[in-house]
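Residue-level structure breakdown
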Amino acid sequence: MSSADRDPHPAPSSVPHVAQPHPKAHVSFWVRELPFTLVLILIIAGVAYTSFSKKPIVGYWEILAPIIALVCVAAGWQEVGDKNGRLRLIVTQALHWFAFLLVMNLMLLSSVQRIFTAQATGLAVFTLLALGTFTAGVHVLSWQVCLLGLIMALGIPAIAWIENSALLVVPIAVAVVGVGAVLWWHWHQGRSKG
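The following paragraphs examine the structure supplied in this document. (Residues numbered from 1 in each chain as written. Predicted model: local features only at pLDDT ≥ 70, side-chain atom pairs only at ≥ 80, totals over all residues. Heavy atoms only, no water.)

Looking now at the overall build of the chain. Counting its regular elements, the chain contains seven helices and zero strands. When the helices and strands of the chain are listed from N to C terminus, the series reads α-α-α-α-α-α-α. Classification of the 194 residues of the chain by burial places 26% in the buried group. Of the contacts formed within the chain by residues at least 6 apart in sequence, a portion of 62% connects residues at least 24 apart. (Helix = DSSP H or I, 4+ residues; strand = E, 2+ residues; numbered from the N terminus. Buried < 20%, exposed > 50% of the residue type's maximum accessible area, 1.4 Å probe, protein only. Contact = heavy atoms within 4.5 Å.)

Take the layout of surface pockets next. It is a probe the size of a water molecule, rolled over the atoms, that shows where empty space is left. Taken as a whole, the largest pocket encloses approximately 290 Å³ of empty space. Lining the largest pocket are 15 residues, and of these Arg-32, Phe-36, Ala-74, Ala-75 and Gln-78 sit closest to its centre. Among the elements of the structure, helix H1 (23-53) and helix H2 (58-77) are those that each provide at least two residues to the lining of the largest pocket. Sort the elements by how many residues they give to the lining of the largest pocket and H2 lands first, with five residues. Across the lining of the largest pocket, the residue classes break down as eight nonpolar, four polar and three charged. (1 Å grid on protein atoms, 1.4 Å probe; cavity = no way out; pocket = protein on both sides within 12 Å on 5 of 7 lines; lining within 4 Å. Points joined across faces, edges and corners; volume = space filled by probe spheres on them. Nonpolar A, V, L, I, M, F, W, Y, C, P; charged D, E, K, R; others polar.)

Two elements in contact, H2 and helix H3 (residues 83-107), have axes whose closest approach is 10 Å; the angle formed by their N-to-C orientations is 165°. Between H2 and H3, the crossing angle belongs to the class labelled roughly antiparallel. Handedness of the crossing formed by H2 with H3: right-handed. Where H2 abuts H3, its residues Val-58, Trp-61, Glu-62, Ala-65, Ile-68, Ala-69, Cys-72, Val-73, Gly-76 and Trp-77 lie against Arg-86, Leu-89, Ile-90, Gln-93, Trp-97, Phe-100, Leu-101, Met-104 and Asn-105. (Axes fitted to C-alpha atoms, helices over the stretch in contact; angles between N-to-C directions. Parallel < 35°, antiparallel > 145°, perpendicular 65-115°, else oblique. Left-handed = near helix turned anticlockwise from the far one by under 90°.)

On the surface, a cluster of nonpolar side chains totalling about 460 Å² of accessible area is made up of Phe-98, Leu-102, Val-103, Leu-106 and Leu-109. Relative to the elements of secondary structure, Val-103 occurs in helix H3. (Patch = residues over 30% accessible without salt bridge, like charges linked within 9 Å, V, L, I, M, F, W, Y side chains within 5 Å. Areas by Shrake-Rupley, 256 points an atom, 1.4 Å probe, with all protein chains shown as cover. Salt bridge = Lys/Arg side-chain N within 4 Å of Asp/Glu carboxyl O.)

So this is what it looks like as structure tokens:
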């Protein structure tokens, strides 16, 4: 077959070309979101424990604050490209969370504790953490961190509501879990048939 016999524009194949998904992009999304998900799980666990034990867990929030600071630094790391920007990010986040921890520990002074109950102190510390998380998210321009702060802020009235209506919450939680289990089972059965 000579070069003149070949068609410079081959006929399109009857089988359409299907773009293969890039598993690396899919995995990287989950890897990127993993720190935010873990912090969210820790927040929900702390709110649940505080709500049902009716005891403040200030030490838990003190440990969670540096973890959130690390997540904030990681969230803003790619946005700042140079060494000076990254140093400024680390310093501003360190100062931001140091100020939060300082104010939180001021709330725990014995002179302040005489004014607040243990539950009020725990709620005030959690409120500070929610505000600190949201403002840290604004500073690093991360919608995920801002969302964590908003979820925490919504947890404040949730804690108060759960403490006042624990007998109502348990049946609702059981119903939600039951409906979720039925929906999951139905969805899982539909996928296995198809």
